[in-house]
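Examination of the molecular architecture
Chain by chain, the residues:
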Amino acid sequence: HALRTARSRVLIANAYFIPDIRLRRTFREAVRRGVSVRVLVPGRSDVPIVQYASRHLYRRLLRSGVRIYEATGEMLHTKAATIDGVWSTLGSYNLDRRSLLHNLEAGLVVADETFSAQLEQELWRDLELAREIDLGSWVARPRWQQALEWLSFRFRYWL
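In short, a report on the structure. (Residues numbered from 1 in each chain as written. Predicted model: local features only at pLDDT ≥ 70, side-chain atom pairs only at ≥ 80, totals over all residues. Heavy atoms only, no water.)

A complete count under the given rule lists six salt bridges for this structure. Between Arg55 and Glu70 there is a salt bridge whose closest N-O contact spans 2.9 Å. Pair noted here: Arg55 is in helix 2 (residues 48-56) and Glu70 is in strand 3 (residues 67-71), with a separation of 15 residues, a long-range link. A single burial state applies to Arg55 and to Glu70, both of which are buried. Its salt-bridge partner being Glu149, residue Arg141 comes within 2.7 Å of it at the nearest N-O pair. (Salt bridge = Lys/Arg side-chain N within 4 Å of Asp/Glu carboxyl O. Helix = DSSP H or I, 4+ residues; strand = E, 2+ residues; numbered from the N terminus. Buried < 20%, exposed > 50% of the residue type's maximum accessible area, 1.4 Å probe, protein only.)

Glu70 sits in the buried class, given a relative accessible area of 2%. Within the structure, the side chain of Glu70 is placed 2.9 Å from the side chain of Arg55, a separation counted as a polar contact. Other than its neighbours up to four places away in sequence, Glu70 contacts Leu40, Val41, Pro42, Gly43, Gln51, Arg55, Tyr58, Ala130, Arg131 and Ile133. (Polar contact = N/O pair within 3.5 Å; in protein donor to acceptor, adjacent residues only side chain to side chain. Contact = heavy atoms within 4.5 Å.)

What follows is the structure, encoded as structure tokens:
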């Protein structure tokens, strides 16, 4: 609901990012409304097949206007989001089917401007240290990489 009603900005950091089609559609609709949607994911994952599956979605997300960043350095394990500086969430919940259907996850939702401002500031700091993914160079990657990502995405239900 918070994403569907976002007005200006959405910042998401997620360790295992394989959003379902409904969430991808919600991102696209938010961008069409003029909302800045930025997603921070690990540049290096402790579960490579999950990262490959996640990367399979980059092209579609980038084309729809979502800005994607990969963290550099150590494994990003953050699961957080802020929307419009007033709504935030932190927890163990990943944006993937496994977290939705199988894992016992916990998430804290906070509707507080002070808390959201602090979390947003942390996420912006992380984004500044990350590498933004460019659609042109992303599409030009080797075909074998794209095939590996496509194949990994086929196993997303079990990841």
